[in-house]
Amino acid sequence: MIVRKSRAEIEKMRLAGQVVADVHKMLQDIVVPGVTTAELDKKAEALIRSRGADPTFKGYRVGREVFPATLCVSVNEEIVHGIPGSRVLEEGDLLSVDCGATLSGYVGDSAISLAVGRVSKDVEELMERTKASLYAGINMARPGNRIGDIGHAVSSSVAPYGYGVVQDFCGHGVGRRLHEEPQIPNYGIPGTGRRIKSGWCLAIEPMINLGTHETRMLEDGWTVITADRLASAHFEHSIAVTDDGPIILTSRGDDPPGDWIPGTSPVS
Ligand code: MG
Ligand code: MG
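Residues numbered from 1 in each chain as written. Chains lettered and ligands numbered in written order. Predicted model: local features only at pLDDT ≥ 70, side-chain atom pairs only at ≥ 80, totals over all residues. Heavy atoms only, no water.

Chemist: Could you clarify how one ought to interpret the coordination of the magnesium ion (ligand 2) in this entry?
Modeler: Angles between donor atoms at a metal ideally measure 109.5 degrees for a four-coordinate tetrahedral arrangement and either 90 or 180 degrees for a six-coordinate octahedral one. Those protein atoms acting as donors to the magnesium ion (ligand 2) are Asp109 (OD), His172 (NE2), Glu205 (OE) and Glu236 (OE), and they sit at 2.1 to 2.2 Å. Mapped onto the sequence, the residues coordinating the magnesium ion (ligand 2) show the spacing D-x62-H-x32-E-x30-E. Here the magnesium ion (ligand 2) and the magnesium ion (ligand 1) are spaced 3.1 Å apart, and both take Asp109 as a donor. You can see His172 sitting in strand S9 (residues 171-173) and its partner Glu236 sitting in the loop between strand S15 (232-234) and strand S16 (237-242), a full 64 residues away along the chain. Accessibility expressed as a relative area gives 5% for His172, which makes it buried. Since its relative accessible area comes to 0%, Glu236 is described here as buried. (Donors = N, O, S within 2.8 Å, 3.2 Å for Na, K, Ca; no water. Helix = DSSP H or I, 4+ residues; strand = E, 2+ residues; numbered from the N terminus. Buried < 20%, exposed > 50% of the residue type's maximum accessible area, 1.4 Å probe, protein only.)

Chemist: Please clarify how the packing of aromatic side chains should be interpreted in this entry.
Modeler: For any pair of aromatic rings, geometry is given as the distance between the ring centres together with the angle between the planes. This structure, assessed with the given rule, holds 2 aromatic pairs. Lying over the aromatic face of Tyr161, Arg129 brings its terminal NZ or CZ to 3.7 Å of the ring centre. (Phe/Tyr/Trp six-rings, centres within 6.5 Å; stacked < 30°, edge-to-face > 60°. Lys NZ or Arg CZ within 6 Å of the ring centre and 35° of its normal.)

Chemist: I tried to follow the side chain of Arg252 on my own but got confused; where do I start?
Modeler: The residue Arg252 is located in the segment after strand S17 (245-248) in this model. Residue contacts for Arg252: discarding those within four places in its chain leaves Ala21, His24, Lys25, Gln28, Ser110, Ile112 and His237. (Contact = heavy atoms within 4.5 Å.)

Chemist: Explain the sheet that holds strand S13 (residues 215-217) to me, please; I cannot follow it from the model alone.
Modeler: Whether parallel or antiparallel, the strands of a sheet pair through hydrogen bonds between backbone atoms. Taking strand neighbours across the sheet as the criterion, the 3 strands line up as S5-S14-S13 in an open arrangement whose pairing is antiparallel. What marks the edges here is a single partner per strand, and that holds for strand S5 (78-80) and S13. Between one strand axis and the next, the sheet turns through 40 degrees on average, direction left out of account. Taken together, the 3 bridges between S13 and strand S14 (residues 224-226) define a ladder with antiparallel strand orientation. (Pairing = 2+ DSSP bridges. Axes fitted to C-alpha atoms, helices over the stretch in contact; angles between N-to-C directions.)

Chemist: I'm lost on the pairing of S16 in this one. Help?
Modeler: Remark: a regular strand shows side chains that alternate across the two faces of the sheet. In terms of residue burial, S16 counts as a mostly covered element, since 6 of its 6 residues are buried. The alternating pattern of S16 places His237, Ile239 and Val241 and Ser238, Ala240 and Thr242 on opposite faces, both of which are buried. Across 4 bridges, the pairing between strand S11 (residues 201-204) and S16 is antiparallel. The partner of Ile204 across the bridge, within S16, is His237. As paired strands, S16 and S17 are joined by 4 bridges and run antiparallel to one another. Across the sheet, Ile239 pairs through a bridge with Ile248, a residue of S17.

Chemist: Would you mind showing me how to read the pattern of salt bridges here?
Modeler: Pairing is possible between side chains that carry opposite charge, provided their charged atoms lie close to one another. Taken as a whole and assessed by the stated rule, the structure comprises 12 salt bridges. Between Lys5 and Glu180 there is a salt bridge whose closest N-O contact spans 2.9 Å. Of this pair, Lys5 sits in the segment before helix H1 (7-30) while Glu180 sits in strand S10 (residues 180-184), and the two are 175 residues apart along the sequence. There is no split in this pair, since Lys5 and Glu180 are both buried. Close ionic contact of Asp22 with Arg51 constitutes a salt bridge, the shortest N to O distance being 2.7 Å. Taken together, the positions of Asp22 in helix H1 and Arg51 in the loop between helix H2 (37-50) and strand S1 (54-55) put the pair 29 residues apart, joining distant regions of the chain. (Salt bridge = Lys/Arg side-chain N within 4 Å of Asp/Glu carboxyl O.)

By themselves, these are just geometric observations and shouldn't be taken as functional.
Laid out in structure tokens, this is it:
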């Protein structure tokens, strides 16, 4: 069942999303060579709790595994779900940070990729294009469009570059729980899948690789890496579908300007 949120619930979702946005804004300033991922995690948790919210990922269970931290930190070939620890970030690393916060019973979920110092041109372009693919996907999250339209927009936006679009993990509905229906793959056939409805809240999250789309799981049971060990980028926003278009609940205020949304008429 896909839960449709009222305007009042969407506002609560936005307040939760803004806690996550503030975590990412803080991280943008402190992700530098020499910092450990555990230090980042500690600061993120402190900020979330100072707002009266809870870190959604901490204690999150998948089967028998329990995620131990506030942030997922994924470096270079790590795609998603890396665990913070003693690893020291180095000049040239690509760091993907995923964060969830629960406020008044509602979840915000958002991820960004950050350059640690200066990164290679390949990695910089990968990050920029992955971010652009997120907005291409968000743009399709309108009543009357279909779920396949979102995934198709994401994958076709990076198709010219020959990147690998991760298929083993995908976006999702978000609300009182971190993962709700429906699943939002980052690939799809236009005009297929369920029809998108006003009131849906979705986490759209392209994971795009420099090389193959294939993934492997590390022995920690969480960290997902690229099969060829080439770099991966990850950008995610929680959004609400409304009759007036998508609202970015986890906006950091740096989204593309108003005219970024081309063509507002739903695909019939
Ligand atoms: Mg996330
Ligand atoms: Mg998510």
